[in-house]
Amino acid sequence: MAAIGGLRRLCSIGLSAVSQNSGLKALRLCQYRAFGVNGALRQQPFDSPTEKPQFPGASADFVDHLEFIQPNVISGIPVYRVMDRQGQIINPSEDPQIPKEEVLNFYQKMTLLNTMDRILYESQRQGRISFYMTNYGEEGTHIGSAAALDPNDIVFGQYREAGVLMYRGFPLDLFMAQCYANADDLGKGRQMPVHYGSKDLNFVTISSPLATQIPQAAGAAYALKRENVNRAVICYFGEGAASEGDAHAGFNFAATLECPIIFFCRNNGYAISTPTNEQYRGDGIAARGPGYGMMSIRVDGNDVFAVYNATKEARRRAIAENQPFLIEAMTYRIGHHSTSDDSSAYRSVDEVNYWDKQDHPISRLRHYMTARGWWGEEEERAWRKQSRKLVMEAFERAERRLKPRPELLFSDVYQEIPSNLEKQKESLWRHLQQYKEHYPLDVYDK
Ligand SMILES: Cc1ncc(C[n+]2csc(CCOP(=O)(O)OP(=O)(O)O)c2C)c(N)n1
């Protein structure tokens, strides 16, 4: 008996330690012990002086007054930041002390992404590509998190994380090839623009149905754990996608199967025209994590160093302890949802301008660099010119390139083309021979 009481006390000490910082390992251990996984401690005797709930579903005390738990949405989970809006480090002990060269690399990747966005957005407006989605305002979430990962970590994205690929070295030519669906596209021109993927860079190909990547990412993380190879998975999604059933499935699988994964939610305030107060009524997405038994944090997504620190530590612990982490990066979608959207129909220009002009991840990092004398007007001008040139050159090459051979429509549906698809392919070929003047065959590879 005394031993059981001692163990219970140990568990409650353990639980408070968990809430401090020591992770869920101890919590799991306590739960297993309290419920007596091997049967030894399963039930408390009927005449025990202190009654403790014996239900297998939760480890908790009794209370003798009726009280519903209130959601804590008024003073929510705090937003972790390292720099203020002027790029000043707030608490020196949190400064990741990233060397100058790497900080310049952060800045150049963030601004290159921005330049690519502007040119491809305009290109869509002129009907040169069919569709586009910009990343305006979210550059810090991409670069800060990508920099904290190992290149071998596997990335699952939604569609607004092009900066992660850019950080990993995906060439401008391949971004363009995908958007133009030309013959250089790794995806053979089959998907809509911005649905990138790169096997070499461990970036799983994007697909349009929201949140489907979340349980897939949990599965991939489980496989990595079994391989025991010191790799993690990061899975990005928007706060809108987090309302999908697949988000629930993925979070719960990752927690119960103890997967080394970082769920990275980009909370940018909108899911197309739906503001967050129509998306959820709890304290954002971070508050859901503890409900799944997941370590969770909320960070300032416009602070590239805060994103970097949180992702780095989450990655380290996800691998060391085999458990999922949830990062909610607060940011703002400055651009329209996509080129099919006009966001002035549902939000004010003033609101957008605030984020664009007053609290932007790029300007914040620039303030930081300027204060250290690492960057000035001259460097800015030269880099703007150079980055624009790089993007324009890739753009022109992509536009000149032919589109993939039409028969590529039929391959990769299955690994091998079945006979019925082979027949359809032949019939398309005959059709094109007969009616070639009705098709733009000159823009396709032969
Ligand atoms: C299953 C599914 N439902 C609806 C859509 C249509 N859709 C595309 S993007 C989007 C909004 C997603 O918002 P969020 O996840 O917050 O990401 P953001 O666009 O803000 O980056 C919706 C509803 C879809 N692609 N898939």
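Parameters and conventions
Residues numbered from 1 in each chain as written. Predicted model: local features only at pLDDT ≥ 70, side-chain atom pairs only at ≥ 80, totals over all residues. Heavy atoms only, no water. Salt bridge = Lys/Arg side-chain N within 4 Å of Asp/Glu carboxyl O. Helix = DSSP H or I, 4+ residues; strand = E, 2+ residues; numbered from the N terminus. UniProt positions renumbered as here; feature names shortened; annotations may be inferred. Contact = heavy atoms within 4.5 Å. Core = buried A, V, L, I, M, F, W, Y, C linked by side-chain atoms within 4.5 Å. Buried < 20%, exposed > 50% of the residue type's maximum accessible area, 1.4 Å probe, protein only. Pairing = 2+ DSSP bridges. Right-handed = clockwise from strand over helix to strand, strands pointing away. Patch = residues over 30% accessible without salt bridge, like charges linked within 9 Å, V, L, I, M, F, W, Y side chains within 5 Å. Areas by Shrake-Rupley, 256 points an atom, 1.4 Å probe, with all protein chains shown as cover. Phe/Tyr/Trp six-rings, centres within 6.5 Å; stacked < 30°, edge-to-face > 60°. Lys NZ or Arg CZ within 6 Å of the ring centre and 35° of its normal.

Some points on the pattern of salt bridges
This model, assessed by the stated rule, comprises 25 salt bridges. Between R397 and D173 there is a salt bridge; the shortest N-O distance is 2.9 Å. Residue R397 is located in helix 13 (residues 377-400), and its partner D173 is located in helix 6 (residues 172-180); the two are separated by 224 residues in the primary sequence. The partner of R384 in a salt bridge is E380, with the nearest N and O atoms 2.6 Å apart.

Here we look at the UniProt feature "domain: Dehydrogenase E1 component" (unreviewed entry) in the protein chain
Mapped onto this structure's residue numbering, the UniProt feature "domain: Dehydrogenase E1 component" (unreviewed entry) falls at residues 108-406. Within the segment residues 108-406, helix and strand shares are 45% and 11% respectively, and the terminal C-alpha atoms sit 38 Å apart.

Side note on the side chain of N202
Relative to the helices and strands, N202 resides in the loop between helix 6 and strand 2 (203-204). Excluding residues that lie within four positions of it along the chain, N202 makes contacts with P151, N152, D153, I154, V155, R168 and R231.

Re the nonpolar core
In terms of nonpolar packing, the biggest core is built from 76 residues, with F106, M116, Y196, F305 and L365 touching the most fellow members. Broken down by element, the residue count for this core peaks at 11 residues, all from helix 3 (residues 100-125). Aside from chain neighbours lying at most four places away, what touches F106 is I98, I143, A147, Y167, V304, F305, Y308 and L365. C235, A241, Y280 and L326 belong to the second-largest nonpolar core, a separate cluster that totals 25 residues.

With respect to the pairing of strand 3 (residues 233-238)
Among the six residues that make up strand 3, six are buried, leaving the element largely enclosed by the rest of the structure. Here strand 3 pairs with strand 4 (residues 261-267) via six bridges, running parallel. Considered in strand 4, the bridge of I234 is made with I262. Assessed by its sense of winding, the connection that carries the chain from strand 3 through helix 8 (residues 245-256) to strand 4 is right-handed.

Side note on the side chain of E380
Tracing the backbone through its elements, the reader meets E380 in helix 13. The class for E380 is buried, based on a relative accessible area of 7%. Here E380 is in contact with Y107, R366 and W375, once residues within four sequence places are set aside.

Remarks on a nonpolar patch on the surface
A contiguous nonpolar surface patch, about 260 Å² in accessible area, is contributed by Y222, F253 and L257. Looking at the secondary structure, you find F253 in helix 8.

A closer look at the packing of aromatic side chains
Taken as a whole, this structure holds 17 aromatic pairs when the rule is applied. Each ring, one from Y180 and one from F395, has its centre 6.0 Å from the other, and the planes form 70°; the classification is edge-to-face. Here F395 lies in helix 13 and Y180 lies in helix 6, a separation of 215 residues in the sequence. For the pair shown, Y180 and F395 are each scored as buried. For the pair Y270 and Y346, a centre-to-centre distance of 5.9 Å together with 45° between the ring planes defines the contact as tilted. In this pair, Y270 is assigned in strand 5 (residues 270-271) and Y346 in the loop between strand 8 (325-330) and helix 11 (349-358), connecting sequence segments 76 residues apart. Residue class for Y270 comes out buried when judged on its relative accessible area of 11%. Three or more aromatic residues joined by ring pairs make a cluster, and in this case those are Y270, Y332, Y346, Y354 and W355. Across the ring face of Y270, the terminal group of R347 is positioned such that the distance to the ring centre comes to 5.2 Å.

Details of the environment of I327
Along the chain, I327 turns up in strand 8. With a relative accessible area of 1%, I327 lands in the buried category. Remark: the alpha-carbon pair of I327 and Y414, spanning 87 residues in sequence, is separated by 36 Å. Those residues in contact with I327 that lie beyond four places of it in its chain are I262, F263, F264, C265, I297, V299, A310, T311 and A314.

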